[in-house]
2 protein chains.
Amino acid sequence: MTSSAPLHVQLYEEMIRRIRSGAWQQGDKVPSEKSLIAEFGTSRGPVRQALAALRAEGMIVGGRGTPPRVQRTAPVQSFDTFMSFTEWARDLGFVPGQRVIEASRRPATERIATELRLAPDSPIVEIIRVRLLDGKPAMLERSLYPYEIGRHLLSADLDGGSIYQALAGAGVVPVRARHVIDAIAAHPLEVEQLGVAPGSPLLRVRRLATNEFGTVIETADDRYLPSMTNFAVENSAEHRIPLTRQAVTPAPLAFASE
Amino acid sequence: MTSSAPLHVQLYEEMIRRIRSGAWQQGDKVPSEKSLIAEFGTSRGPVRQALAALRAEGMIVGGRGTPPRVQRTAPVQSFDTFMSFTEWARDLGFVPGQRVIEASRRPATERIATELRLAPDSPIVEIIRVRLLDGKPAMLERSLYPYEIGRHLLSADLDGGSIYQALAGAGVVPVRARHVIDAIAAHPLEVEQLGVAPGSPLLRVRRLATNEFGTVIETADDRYLPSMTNFAVENSAEHRIPLTRQAVTPAPLAFASE
DNA sequence: CCCGAAAAGTAGTCAACACAACTCAGAACG
DNA sequence: CGTTCTGAGTTGTGTTGACTACTTTTCGGG
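Residues numbered from 1 in each chain as written. Chains lettered and ligands numbered in written order. Predicted model: local features only at pLDDT ≥ 70, side-chain atom pairs only at ≥ 80, totals over all residues.

(A) Molecular detail of the packing of helix α1 (residues 7-21) of chain A against helix α3 (residues 44-56) of chain A. All names here are of chain A. Running from N to C, α1 and α3 cross one another at 50°; their axes reach a closest spacing of 8 Å. One element, α1, and the other, α3, form an angle in the oblique class. As α1 packs across α3, the resulting crossing turns out to be right-handed. For the pair α1 and α3, contact is made by L7, H8, L11, Y12 and M15 and by P46, V47, Q49, A50, A53 and L54, respectively. Here the residues of the contact of α1 with α3 sort into 9 nonpolar, 2 polar and no charged. (Axes fitted to C-alpha atoms, helices over the stretch in contact; angles between N-to-C directions. Helix = DSSP H or I, 4+ residues; strand = E, 2+ residues; numbered from the N terminus. Parallel < 35°, antiparallel > 145°, perpendicular 65-115°, else oblique. Left-handed = near helix turned anticlockwise from the far one by under 90°. Contact = placed C-beta atoms within 7 Å. Nonpolar A, V, L, I, M, F, W, Y, C, P; charged D, E, K, R; others polar.)

Have a look at this one:
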């Protein structure tokens, strides 16, 4: 137990541990606040704060007159796991792999410059990779970075580690991302690299990632083989999440109201 | 101002109003807690609770030594708006429409019974509809309901109002849903009803909705024309949401760890 | 004029108390 | 035996007070 972390964070982590370990079973009532207070020797504040955090993640629900119940025992995928294909695959017990198709520096087109919020013709770094799960192609990824950020990647060992690891080593850390999901027909490059028939349906996820200051770090276009990967979202009346259905407009990928 | 609602809810609503009205601009610093306390005449608790709610929705970020800043001014889509095609379309200024292809009662197959958590061969209600935006086909929806729930729909005026309105009238209210998103090729029915070429990519959203007690109300398979509609999700390191990338397995749609 | 240190202001954390609203089990009643 | 009602237990809400950690501003020295 980290003694330096705030109390409510320690309590939260302990509760997560208990849910994961099965000490608190799915559907069980969580111990009453009073007993938690007695057990941890704190006041009610931190206990309620920890419970509120669990509630915000959908791990527990209900309450008011009765102790809340454990709703979900599977943890929400962390931001890092969701962003990094490599880390995600390893978490699931797959062997991640990749094949770099292209890693180049070139000037931005107008559309790309707008998305990355650069001046037109600014240099960018483009990386196209096939991502593999247990050796089988699962996704074609086309990532674009401002040159100042992407230059760390041109020299890196892309076939080995994850791009996000390489970027983190250079002090570039994404903390926020927007994903737009739709479907698209396989084009020649995907036909060749993913081994699908021309026109096959692919799941496309376009991503815009920023750092803590709101600077755009990356824009990407990932095309998944729907037979290998899909996406799941949970939703509830009490627990609203930034998930929206959109009518398609000519306007490109962008954060809301920016 | 609703005098009966809890204080922190009233404060939350007032803050949302100010963000929406532009009184608090994107990027602005929110007034300090002290000034909010002075203005609203409450103690620090409710103010912090309201701010925490905004933070949980990603509307404000930062803090610690400095007042938090407004991050997003566009509100998160409500659960109702996200669930109801009709309500969503109207919110966006489109004229929603629909054409009922089929509304029938029949016994559940084994797979459907499992998804709806019914005994095999239990009666179910199946409704297939084309949904229109401004008169143009946008989505083909195939919904399945346990007969006890779906029977309210067979007699309802489906061409007029929303299914969710009809269900709400019968006391059936979805409060939780899981969506699995992938891509699929257009089959003959979609070719005919959506007017696309055979094999065209469609965005498929499979949905499992439950009521407050966890009873499954509906399972659905929505196939969107990607040229008309897509989905957007926002994500951040501090604000985790129940969004997961999944490896495709034979197992069907289901809530995590259930 | 610039720079660094001190001071003032801010949010984060924690405690202790009080009351309200709600749930549930068991007692009392018909 | 079934129903209703009461009361204990629980969480939701709000208050007050105190301290810590961090940021911004201010001010003085160089």
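Picking up after the structure, the text goes on.
(B) Molecular detail of the sheet that holds strand β10 (residues 243-247) of chain A. The strand order across the open sheet formed by 8 strands is β3(A)-β4(A)-β5(A)-β8(A)-β7(A)-β6(A)-β9(B)-β10(A), and the pairing between neighbours is antiparallel. Sheet topology places β3 (96-107) and β10 of chain A at the edges, where each strand pairs with a single neighbour. Neighbour-to-neighbour, the strand axes of this sheet turn through a mean angle of 20°, independent of strand direction. As judged from the 11 bridges shared by β3(A) and strand β4 (residues 123-133) of chain A, these two strands associate in the antiparallel manner. Residue pairing across strands places Q98(A) opposite R131(A), the latter belonging to β4(A). Against the sheet, helix α7 (residues 147-154) of chain A contacts β3, β4, β5 (136-146) and β8 (216-224) of chain A, and its axis sits at roughly 50° relative to β4(A). (Pairing = 2+ DSSP bridges.)

(C) Looking closely at unusual backbone geometry. Residue and element names in this part refer to chain A. Even without glycine at this site, D121 takes up a positive phi of about 70°. For D121, the location among the structural elements is in the loop between α6 (110-116) and β4. In this model, D134 sits at a positive phi of 50°, which is unusual for a non-glycine residue. Position of D134 relative to the elements: it lies in the loop between β4 and β5. Overall, the presence of 13 C-beta atoms within 10 Å leaves D134 in the partly exposed class. (Buried ≥ 20, exposed ≤ 12 C-beta atoms within 10 Å, placed from the backbone.)

(D) Seen up close, the relation of the copies chain A and chain B. Here chain A sits on chain B after a turn of 180° about the axis and a move of 0.0 Å along it, with an RMSD of 0.1 Å. Those values place the two copies in the arrangement expected of a two-fold rotation axis. Across chain A, the rotation axis passes nearest the C-alpha of P201(A), at a separation of 2.2 Å. The residues that chain A uses at the interface reappear at the interface of chain B in 100% of cases, marking a shared surface. (Least-squares fit on C-alpha atoms with pLDDT ≥ 70 in both.)

(E) Representation of the pairing of β5(A) within the structure. All names here are of chain A. Of all 11 residues that make up β5, 8 are buried, and the element is covered over most of its length. The pairing of β4 with β5 spans 10 bridges and is antiparallel. Across the sheet, I127 pairs through a bridge with S143, a residue of β5. Linking β4 to β5, which pair antiparallel, is a turn of 2 residues; within it D134 sits at a positive phi near 50°. Sheet topology places β5 next to β8; 6 bridges connect them, and they run antiparallel. Note that in β8 the partner of L144 across the bridge is T219.

(F) The arrangement of the interface of chain A and chain B in detail. Contacts between the two partners involve 55 residues from chain A, matched on the other side by 55 residues from chain B. Listed by contribution, the elements that provide at least two residues to the side of chain A that touches chain B are α4 (79-83), β6 (176-185), β7 (201-210), β9 (229-236) and β10 of chain A. When residues of the side of chain A that touches chain B are assigned to their parent elements, the largest contribution, 10 residues, is made by β6(A). When the residues that make up the side of chain A that touches chain B are grouped by side-chain class, the tally is 31 nonpolar, 16 polar and 8 charged. Relative to strand β9 (residues 229-236) of chain B, β10(A) is paired through 5 bridges, and the arrangement is antiparallel. Within β9(B), the residue paired with L243(A) across the bridge is V233(B).

(G) Structural context of the protein's contact with DNA strand C. Residues in close proximity to DNA strand C total 18 residues, the closest being L7(A), S43(A), G65(A), E33(B) and G63(B). If you list the elements that add at least two residues to the surface near DNA strand C, you get α1 and α3 of chain A together with α2 (33-40) of chain B. Its residues assigned to classes, the surface near DNA strand C comprises 4 nonpolar, 9 polar and 5 charged. (Near = placed C-beta within 6 Å.)

(H) Quick peek at the protein's contact with DNA strand D. As a matter of local geometry, DNA strand D sits amid 18 residues, with G63(A), L7(B), S43(B), G45(B) and G65(B) nearest to it. The set of elements that each furnish at least two residues to the surface near DNA strand D consists of α2 (33-40) of chain A together with α1 (7-21) and α3 (44-56) of chain B. In terms of residues, the surface near DNA strand D owes the most to one element, α3(B), which gives 3 residues. For the surface near DNA strand D, a count of residues per class yields 4 nonpolar, 9 polar and 5 charged.

(I) Focus on the sheet that holds strand β3 (residues 96-107) of chain B. Within the open sheet, the 8 strands sit side by side as β3(B)-β4(B)-β5(B)-β8(B)-β7(B)-β6(B)-β9(A)-β10(B). Their pairing is antiparallel. Of all strands in the sheet, those with a lone pairing partner are β3 and β10 (243-247) of chain B, marking the two edges. Across this sheet, the average inter-strand angle for adjacent strands is 20°, counted without regard to direction. Seen against the sheet, helix α7 (residues 147-154) of chain B touches β3, β4 (123-133), β5 (136-146) and β8 (216-224) of chain B and runs at an angle of roughly 50° to β4(B).

(J) Spatial organisation of the environment of R240(A). With respect to the helices and strands, the residue R240(A) is situated in the loop between β9 and β10. Its 19 C-beta neighbours within 10 Å are what place R240(A) among the partly exposed residues. Counting along the chain gives 52 residues from R240(A) to P188(A), while the straight-line C-alpha distance between them is 40 Å. When sequence neighbours within four positions are dropped, the list of residues in contact with R240(A) reads E57(B), V76(B), S78(B) and F79(B).

Any functional reading would require information that these geometric values do not contain.
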